[in-house]
Structure formats: structure tokens, C-alpha cells
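If you want the building blocks of each chain, they are given just below.
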Amino acid sequence: MKSIFIDCRLGISGDMLASALLDLGVPYSIFLDNLVSLNIDKNYNLKFKVGDSEGIKGIVCAKNEIDFKDLSRSLNDIKNLLLDSSLNDYVKKKSIRVFEILAEAEAVVHGNEISDVHFHELGSIDSIVDVVNACSAIDFLKPYNIYFSNPPFGKGIVSTSHGPLPVPVPTVIEIARQKKIPLTFLDDKYFGEITTPTGIALIATFLDKFAQPDQINIKKIGIGLGSKNISRPNFLRVLLIDENDDHIEINKPSSETIISQEAWIDDSTPEDVAVLIERLRSAGAIDVICYSVDMKKNRKGICIQAIVYPKHKNLLREVWFNYSTTIGIRENKINRWILPRRTVSHKTKFGTVNVKQVMRPNGQISIKIEHQDLTQITLSTGIPIEEIRQKLISELSEIYELDDLSF
């Protein structure tokens, strides 16, 4: 599985991310095509060149923007510019989402409605091009997962259209709060902005997981340099990684990391527990189980355990603490091995049914008909469910070479 790890511990901006992705192997022609797709004035000059920052070699973005008079743009202005472009739907959607995140934060900071937000520096052609370039580069790579390190807090004061503001500027702080993005303090002598609003909005748009993957096989490294000379290396790097590289064959099991969360509860009714389990599943739990346990003071209790992908663990924590009586949960990172699987639909004499296909290591395909479909058929026809199952398996056996039809 091809993924990318965006290491932004020294800072992140839109042009640094685009430069790093270019260095990673994204064709330069994609960025030039973006200018045409956006119908930007031909005098706008976008160049990427090799440079170095305190001895670290990388790519730096050099832009020579012509004198535009309409630097202040509303969210709708930017949406219309993007929607009227010839960019593909994915790049339009992601680029618009970046500016929506910025507008949501700006609205809170200035006490305005989102429709009243007007971008100044963030509405410039430079910022729009940076966002579109980053989104189109990620679209080209199509990573399975996108990992980020925690962006840095920064320090000092910067000049803006609103006057001098502390670092991080209020928009960055608000996005970090809204999207629960942890900022880290960097032991740095530089006073200035190192996590920009555009940079953190891109994190919020594309984030799958924070922190470095547990096991990675690095294929390529891209370095994007910042435009400022700040007496220390100023760069962002993107690692193209292959997760589970030993198991890339289609019929081999693969390993993935998931989270186990559990709580022991002895002061809830069975009805309340049932509602909690449903809420956990709705919040993204892969599965939830419960069983009886003997707790302190000889009380009979229930152990509820949920497994969840890391990107949903925070949502589940909110469910535990807001919709159950527990005052604590146990959480562990666990690895599991899974076989390649997918769910497909087939037209049969009973109508369309969903079938889960699983590829076994010996190359055989096992199938299982979704029980919900079997239930609907038996209720509508009156035929026993086992008879329906056998008839469907017999019909589907003409499509699959089955090793085991009973599971």
C-alpha cells in the first residue's frame, strides 16, 4: 500500500508542501496545467528551482505575481473561481474544502458569518495556486494513507492586513482547536510564522493519521524548502512509503494497526448498554462486543470492547464519555492480520444480493452472502433461509471456484 508521511516538524505552508511533492516525483506539468485550468493571467510566473537551506538540498517555489487589484476575495468568490475552472472534480472538492476550513476559522476569529468572511493574503492568487497545486499533487499520487507529524507552534509577531498579530496567528490557532490538531513547541531561535493558515488547513483537509507509521519502507523522499532564510534549516519533507511491503501479493494477508477500547460498567441497564453499543458502531467502530465480568464488591458488570481504526478513536472516546456511565476507558494499539476482501453485488433469481469475497493464501476465493439480504428474501418469499442460501451458492458457484462454501 503506497502512503505518504508528511514530516512538518519544522513548519508547513502551501508552497512548501507543493515543492516537496514535486521533488517526490509529481510532474511539473501538473502545476503548469493548473494555471491554465484556473485561467490565470499568462504573466503570472510560477517556477520551482533547486535550492538549499543551511546545507539541506530541496525544491523552492518562486512566484512572481503580477499586480492584481482584487486581492480581497470572499469564500464564494474562490468557490466560483474553482468551480468554473477545468480542474478535475477531486481537486475542486479538496481545494474548496481547504478554503471552507479557513473561512470557518476566520468567521470565529472575527465574529462574522462565513458568508461575510473576506480573505486578504489568503485570497491572493498565490494562495489559491498553492492550495490547488498541493491538492492536484496528492490526487496524482493517490496515497492509501496520509500521515502528518505535529506542526510547530512558532513564536513572535507577524505583520498582517489586520496589523501585527502573535504567532501562531488566530486563524491557525482556531483551525487547530476546531480540528483537534496538536501543535508542538519547537526549541527554535527564529521568531516568526512557521505554520501558516494554508498549511494547517491542508493538514485538516487531508489528515488520515498523526504520527509516524509503525512500520515503513521508504521508497522516495521529497524536500520542499521555505522561502525565508531563518538561520536554521527551513524545510518540509514528504516520504513516499510502502506499508506492509512484504505482503503486497494480492492473495497474501496484510497487517494493519487498529485501536482497542474497552470499559467495565456495572451501573447501566441492559437497555442503556444496547444504545451505547449502537452509538459506538455509528461513530466508526469496526465491531463491538460485550460479555459479563465479576467486578469489585462482587458486582456483576459488563465488559464492552470496541475495535476501531486510529482515525476514529477520538470520536469513540467522545461517545464513551458522553453517552455512558464510565469514567475511564482502557485503550491499546493492536495489530491484526487480514485477508484481501471486498463486497460485490450480483443479480440472481432472487434479485440483487451482496456477496463478500475473500481471497485465501492458496488462491481460492471464498464467498459469504450478506445475511441481511438473505433475511429480506426469506421474509418476502417465505422460503426458509437455509434453502435460499444453498440455492444462491449453487447459482454463484458458476461464477466462482469455491474452496469452502460453508463459512
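Look a little higher up for the structure.
Residues numbered from 1 in each chain as written. Predicted model: local features only at pLDDT ≥ 70, side-chain atom pairs only at ≥ 80, totals over all residues. Heavy atoms only, no water.

**Student:** An account of the overall build of the protein chain is requested, with residue identities and associated values reported.
**Tutor:** A tally of regular secondary structure across the protein chain gives 11 helices and 18 strands. With the principal axes as the frame, the protein chain shows a C-alpha extent of 75 × 60 × 45 Å. Burial status across the protein chain gives 45% buried among its 407 residues. When the accessible surface of the protein chain is summed, it comes to about 21400 Å², and 50% of that surface belongs to carbon and sulfur atoms. With 48 positive and 53 negative side-chain charges, the protein chain shows a spacing of 3 Å between the two charge centroids. (Helix = DSSP H or I, 4+ residues; strand = E, 2+ residues; numbered from the N terminus. Buried < 20%, exposed > 50% of the residue type's maximum accessible area, 1.4 Å probe, protein only. Areas by Shrake-Rupley, 256 points an atom, 1.4 Å probe, with all protein chains shown as cover. Lys, Arg positive; Asp, Glu negative; His and termini not counted. Charge placed at Lys NZ, Arg CZ, Asp CG, Glu CD.)

**Student:** Would you mind going over the packing of aromatic side chains in detail, with residue names and values included?
**Tutor:** Counted under the stated rule, the structure contains four aromatic pairs. Measuring from ring centre to ring centre gives 5.2 Å for Phe-31 and Phe-48, while their planes differ by 40°; the resulting arrangement is tilted. Here Phe-31, found in helix α2 (residues 28-37), pairs with Phe-48, found in strand β2 (residues 45-53); they are 17 residues apart in sequence, far enough to count as distant. Assigned by exposure class, Phe-31 and Phe-48 land together as buried. When the ring of Phe-99 is compared with that of Phe-119, the centres are 6.0 Å apart and the planes differ by 65°; the resulting orientation is edge-to-face. Linking Phe-99 in helix α4 (residues 89-110) with Phe-119 in strand β5 (residues 118-119), this pair joins segments that are 20 residues apart in sequence. Of the two residues, Phe-99 and Phe-119, both sit in the buried class. Ring pairing ties together the aromatic residues Tyr-28, Phe-31 and Phe-48, which thus form one cluster. Directly above the aromatic system of Tyr-323 lies the positively charged group of Arg-279, at a separation of 3.9 Å from the ring centroid. The residue whose ring lies beneath Arg-330 is Trp-264, and the NZ or CZ to ring-centre distance is 4.7 Å. (Phe/Tyr/Trp six-rings, centres within 6.5 Å; stacked < 30°, edge-to-face > 60°. Lys NZ or Arg CZ within 6 Å of the ring centre and 35° of its normal.)

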